[in-house]
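Secondary and tertiary structure notes
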Amino acid sequence: MTRAGTAPTTLMPDTLTLGGTESENHPWRIRLVEHPKRFESPFFRAAKRTAHKILDQIDDADLPYGPRPAGSEHWEMHHGGSLWVMTGDGWRMYRARVGIEWSMQFCAEPAKTDRLRRDAAALVAAFPETLDALRDLGYEEAEELLATPIQDADGVEAWTDSLFNACVPMSHGNHQGVLPKVPGEHHYPWPVKGADFFRYDDFQLWVTLPDGTHGAVTPVDRRGSGDGHVRLVLAPESSQAADTLGKAEDRGLMAVLPPNSSAALQAFAGQIPPGRRTASTPPDTGGAQDSPAG
């Protein structure tokens, strides 16, 4: 038990080197204004109809960002660079180098947008059944979209709301959600949010920080290492940890929280016994893929 006036100590593994400890508070404000009126273009309506037909033909296990919505929920189409192709095993969706969000089209340079079109055309050409399959679904504009150079704002609009950009199917949470419920791609950086689709189910990526804000953490070593330290990879601007995280990144350092921190205990809660006061465990010497901590 730690005595009053003392700080708990945690052994640092050989893989981590201390770079200093900092804590600050950085309050911020943001002004909320009415969103400009948005409308669905005919390009987007046609793309969505086609995307729903494609999704109806895909098994649940092959959905790009499942599971399939149930009850009152429905697919939301994210303008995230949706490159749909017909493969020998059925429909598959790849992501473009970037997606153009609806509001971002107004700063999109036609020549740079055209590079996205050429990338998509090259991918579709590698799957020659795609255009015929899209025609069968009623999306006859696909061939013209892929073949027509983008030279002006009209071309950018048509591409932005096309099947090849605007139809990444996601649940509401994964699309637009905010913590503490579900983090959405619109509000959290993709290099972090993307881990929700490949992380271990028993590792909690999103945690509540000591000041009540929500951040994201990752293990500092592979599964089975026994190392319960976690690296802070995302903290909101309102968090006391935000400035420290920024300074760490500026200096090429990691912001690491100890195994007995609340963040580490939350992150590894599915891997350690209830009531345990540290996320560190004995290192695994056999089946590391089935052992906790890390």
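Residues numbered from 1 in each chain as written. Predicted model: local features only at pLDDT ≥ 70, side-chain atom pairs only at ≥ 80, totals over all residues. Heavy atoms only, no water.

Along its length, the protein chain carries 9 helices and 8 strands. Taking all contacts inside the protein chain whose residues are at least 6 apart in sequence as the whole, residues at least 24 apart take part in 60%. (Helix = DSSP H or I, 4+ residues; strand = E, 2+ residues; numbered from the N terminus. Contact = heavy atoms within 4.5 Å.)

This brings us to the sheet that holds strand E7 (residues 230–234). The sheet built from 4 strands is open, its strands ordered E5-E6-E7-E8 with antiparallel pairing. Only two strands of the sheet have a single partner each, and these edge strands are strand E5 (206–208) and strand E8 (256–257). (Pairing = 2+ DSSP bridges.)

A word on unusual backbone geometry. That bond from glycine 66 to proline 67 is cis: its omega, 0°, falls within 30 degrees of zero. Within the secondary structure, proline 67 is located in the loop between helix H1 (42–56) and strand E1 (76–78). Here the bond from leucine 179 into proline 180 is cis, since omega is 15°, no more than 30 degrees from zero.

Time to look at the pairing of strand E2 (residues 82–87). Of all 6 residues making up E2, 6 are buried, and the element is well covered by its neighbours. On E2, burial covers both faces: Ser82, Trp84 and Met86 on one face and Leu83, Val85 and Thr87 on the other are all buried. Across 6 bridges, E2 lies against strand E3 (residues 90–95) in antiparallel orientation. What sits directly across from methionine 86, in E3, is tryptophan 91. Linkage of E2 to E3, two consecutive antiparallel strands, is achieved through a turn of 2 residues. (Buried < 20%, exposed > 50% of the residue type's maximum accessible area, 1.4 Å probe, protein only.)

On to the pairing of strand E6 (residues 214–219), then. Sheet topology note: the E5/E6 ladder contains 3 bridges and is antiparallel. For valine 207, the partnering residue across the bridge sits in E6 and is glycine 215. Linkage of E5 to E6, two consecutive antiparallel strands, is achieved through a turn of 5 residues, within which glycine 212 is found at a positive phi near 90°. Both E6 and E7 contribute to a ladder of 4 bridges, which runs antiparallel. Across the sheet, the residue bridging to alanine 216 is leucine 234, located in E7.

For the coordinates displayed, the defined rule picks out 8 aromatic pairs. Ring plane angle 20° and centroid distance 5.9 Å describe the contact between tryptophan 159 and phenylalanine 164, whose orientation is recorded as stacked. For tryptophan 159, a relative accessible area of 2% corresponds to the buried category. Its relative accessible area of 1% is what places phenylalanine 164 among the buried residues. Each residue in the set Tyr65, Trp190 and Phe197 is aromatic and connected to the rest through ring pairs, giving one cluster. Over the ring of phenylalanine 44 we find lysine 48, and its NZ or CZ is 5.0 Å from the ring centre. (Phe/Tyr/Trp six-rings, centres within 6.5 Å; stacked < 30°, edge-to-face > 60°. Lys NZ or Arg CZ within 6 Å of the ring centre and 35° of its normal.)

A word on the pattern of salt bridges. Taken as a whole and judged by the stated rule, the model has 12 salt bridges. Where arginine 92 meets aspartate 62, a salt bridge forms, and the shortest distance between an N and an O atom there is 3.9 Å. You can see arginine 92 sitting in strand E3 and its partner aspartate 62 sitting in the loop between H1 and E1, a full 30 residues away along the chain. In this structure arginine 92 comes out as partly exposed when scored by relative accessible area, which is 25%. For aspartate 62, a relative accessible area of 36% puts it in the partly exposed group. For the salt bridge of aspartate 196 with arginine 199, the shortest nitrogen-to-oxygen distance reads 3.0 Å. Residue class for aspartate 196 comes out buried when judged on its relative accessible area of 18%. Given the relative accessible area of 27%, arginine 199 is considered partly exposed. Via salt bridges that share partners, Asp114, Arg117 and Arg118 belong to a single interconnected network. (Salt bridge = Lys/Arg side-chain N within 4 Å of Asp/Glu carboxyl O.)

This part covers the nonpolar core. Tyr139, Trp159, Leu163 and Phe164 are the most contacted members of the largest nonpolar core, which has 39 residues in total. Where this core is concerned, the elements lending two or more residues are H1, E2, E3, helix H2 (110–125), helix H3 (130–136), helix H4 (142–147), helix H5 (153–160) and strand E4 (168–170). When residues in this core are grouped by element, the largest group, 6 residues, is from H1. If near-sequence neighbours (up to four positions away) are discounted, phenylalanine 164 is found in contact with Gly81, Ser82, Leu83, Trp84, Val124, Leu134, Tyr139, Ala142, Leu146 and Trp159. (Core = buried A, V, L, I, M, F, W, Y, C linked by side-chain atoms within 4.5 Å.)

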